[in-house]
Amino acid sequence: IYRDLSFDVPQGRILGLLGKNGTGKTTTINILSGYLKPRSGECRIFGQEIQTMAPALRRNIGLLIEGHVQYQFMTITQIEKFYAAFYPNQWKKEAYYELMNKLKVATGQRISRMSCGYRRLFVDYLRDYARSEGKTVFLTSHIIQDMERLVDDCIMMDYGKILIQKPIDELLKEGRRYTCTVPEGYELPASDDFYHPSVMRNTLETFSFLPPTEAEAKLKSMSVPYTDLHSEHVNLEDAFIGLTGKY
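Reading the values: rules and limits
Residues numbered from 1 in each chain as written. Predicted model: local features only at pLDDT ≥ 70, side-chain atom pairs only at ≥ 80, totals over all residues. Heavy atoms only, no water. Helix = DSSP H or I, 4+ residues; strand = E, 2+ residues; numbered from the N terminus. Buried < 20%, exposed > 50% of the residue type's maximum accessible area, 1.4 Å probe, protein only. Contact = heavy atoms within 4.5 Å. Areas by Shrake-Rupley, 256 points an atom, 1.4 Å probe, with all protein chains shown as cover. Lys, Arg positive; Asp, Glu negative; His and termini not counted. Charge placed at Lys NZ, Arg CZ, Asp CG, Glu CD. Pairing = 2+ DSSP bridges. Polar contact = N/O pair within 3.5 Å; in protein donor to acceptor, adjacent residues only side chain to side chain. Salt bridge = Lys/Arg side-chain N within 4 Å of Asp/Glu carboxyl O. Arc of directions from axis to C-beta. Axes fitted to C-alpha atoms, helices over the stretch in contact; angles between N-to-C directions. Left-handed = near helix turned anticlockwise from the far one by under 90°. Nonpolar A, V, L, I, M, F, W, Y, C, P; charged D, E, K, R; others polar. Patch = residues over 30% accessible without salt bridge, like charges linked within 9 Å, V, L, I, M, F, W, Y side chains within 5 Å. Core = buried A, V, L, I, M, F, W, Y, C linked by side-chain atoms within 4.5 Å.

Draft legend 1. Just the overall build of the chain, in detail. In terms of helices and strands, the chain carries 9 helices and 10 strands. Each principal axis of the C-alpha distribution contributes one length, and for the chain these read about 65 × 45 × 30 Å. Residue burial in the chain is summarised as follows: out of 247 residues, 35% are buried. Contacts in the chain between residues far apart in sequence, at least 24 positions, make up 64% of those at least 6 positions apart. Put simply, the chain shows about 15,800 Å² of open surface, and 51% of that area lies on carbon and sulfur atoms. Between the mean site of the 31 positive side-chain charges and the mean site of the 30 negative ones, the chain shows a separation of 8 Å.

So, in structure tokens, the structure goes:
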């Protein structure tokens with residue numbers, strides 16, 4: 001159940017939605033797609049309410065869901081013709097075959113014989129194509145390494161709320177993992193500046209957007225009995241764990 005769930009997806013940006021299982025990522029996408037109607041509030045895409053959007057405008061939205069089924073017996077050429085029929089006067093055949101050429105996939109190759117090894121190239125192409133065409137992309141994935149390479153902005157969801165929404169560069173520049181030595185069994189007092197602190201033996205670990213000088217001053221103001229404070233920048237996966245907790 002969400003309350004005050006509110007966010008904007010900037011036009012021409014690629015926004016990634018991150019959250020643990022059960023935090024509502026699929027529900028959010030179903031609301032954005034018009035398959036679920038929220039009890040209150042509104043969801044607007046292209047300036048129109050998704051529940052009453054005209055079919056002609058809805059054609060500008062492409063949706064690829066998890067577990068998408070491909071017809072394994074089809075060839076590259078056949079699958080292109082199949083999908084093109086769903087987007088009359090909008091399908092860009094040249095973009096499809098440009099990607100196939102980059103992946104070095106023969107047009108007569110069957111889907112059943114394709115490998116999953118194309119993921120990295122596909123992610124790079126999707127990012128470059130979306131940016132060059134000014135497309136807006138909203139996506140979610142449990143493969144955070146792909147998200148870090150692909151997205152411009154990031155929303156991290158917790159149970160019932162949004163934790164943060166930031167440009168990915170800002171998130172990785174400002175976010176830090178802090179470690180220090182504390183007495184065994186010590187528990188850090190609750191603070192909005194430190195996320196999910198945990199103590200293993202004598203080592204306290206937490207995540208924060210405070211720069212080192214401010215983090216140190218904050219710990220001192222909280223009378224934390226620490227020594228050997230260290231900070232380090234982290235990748236998106238470690239930032240996600242730091243903000244949402246390891247467990």
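Having put the structure on the table, let's press on.
Draft legend 2. Representation of the pairing of strand β5 (residues 153–158) in the model. The buried fraction of β5 is high, at 6 of 6 residues. Across the two faces of β5 the burial is the same, with Asp153, Ile155 and Met157 and Cys154, Met156 and Asp158 all buried. As paired elements, strand β1 (residues 14–19) and β5 share 5 bridges and run parallel to each other. In the strand pairing of β5, glycine 16 is matched with cysteine 154.

Draft legend 3. Inspection of the side chain of threonine 23 at higher detail. Tracing the backbone through its elements, the reader meets threonine 23 in the loop between β1 and α1 (25–33). Within the structure, threonine 23 has its side chain in polar contact with the backbone oxygen of lysine 20 (distance 2.7 Å). Sequence-distant contacts of threonine 23, defined by excluding residues within four places in its chain, comprise Tyr2, Met157, Asp158 and Tyr159.

Draft legend 4. Inspection of the pattern of salt bridges at higher detail. For the coordinates displayed, the defined rule picks out 14 salt bridges. Across the salt bridge formed by arginine 120 and aspartate 124, the nearest N and O atoms sit 3.7 Å from each other. Of the two residues, arginine 120 and aspartate 124 both sit in helix α5 (residues 119–133), 4 residues apart, roughly one turn of that helix. Among the ionic contacts, a cluster of salt bridges with common partners joins Arg120, Asp124, Arg127, Asp128 and Arg149.

Draft legend 5. Highlighting the environment of glutamate 42. Of note, glutamate 42 is situated in the loop between α1 and β2 (44–45). On the basis of relative accessible area, glutamate 42 is assigned to the exposed category, the value being 54%. Spatially, the C-alpha atom of glutamate 42 lies 9.7 Å from that of leucine 32, the residues being 10 residues apart in sequence. In terms of polar contacts, glutamate 42 uses its side chain to reach the side chain of arginine 44, at 3.3 Å.

Draft legend 6. Structural detail: helix α3 (residues 76–84). Burial in α3 covers these residues: Ile76, Ile79, Glu80, Tyr83 and Ala84. Summarising the axial view, the buried residues of α3 lie within an arc of 135°, below the 170-degree limit, and thus occupy one face. Next to the buried residues of α3 lie α4 (93–103).

Draft legend 7. Layout of the environment of isoleucine 50. As for its placement among the helices and strands, isoleucine 50 is situated in the loop between β3 (48–49) and α2 (55–58). Note: C-alpha distance between isoleucine 50 and phenylalanine 207 (157 residues apart in sequence) is 37 Å.

Draft legend 8. Quick look at the packing of α4 against α5. Following both chains from N to C, one finds α4 and α5 inclined at 145°, their axes separated by 11 Å at the closest point. As α4 runs across α5, the sense of the crossing is right-handed. Counting all contacts with α4, which are made through Ala95, Glu98, Leu99, Lys102 and Leu103, the residues of α5 involved are Leu121, Phe122, Tyr125 and Tyr129. Broken down by class, the residue content of the contact of α4 with α5 amounts to 7 nonpolar, no polar and 2 charged.

Draft legend 9. Region of interest: a nonpolar patch on the surface. Judged by side-chain polarity, Tyr35, Leu63 and Ile65 come together as a nonpolar surface patch covering roughly 340 Å² of accessible area. Looking at the secondary structure, you find tyrosine 35 in the loop between α1 and β2.

Draft legend 10. The nonpolar core, seen in detail. Membership of the largest hydrophobic core comes to 22 residues, with the highest contact counts inside it found for Leu18, Met156, Leu171 and Leu236. Counting residues per element, the ones that place at least two in this core are β1, α5, β4 (137–140), α6 (144–150), β5, α7 (168–174) and α9 (236–244). Tallying contributions element by element places α9 first for this core, with 4 residues.

Draft legend 11. The sheet that holds β1, seen in detail. Read from one edge of the open sheet, 4 strands run β4-β1-β5-β6, paired in mixed fashion. The outermost strands of the open sheet, each flanked by one partner alone, are β4 and β6 (161–167). When the angles between neighbouring strand axes are averaged without regard to direction, this sheet yields 20°.

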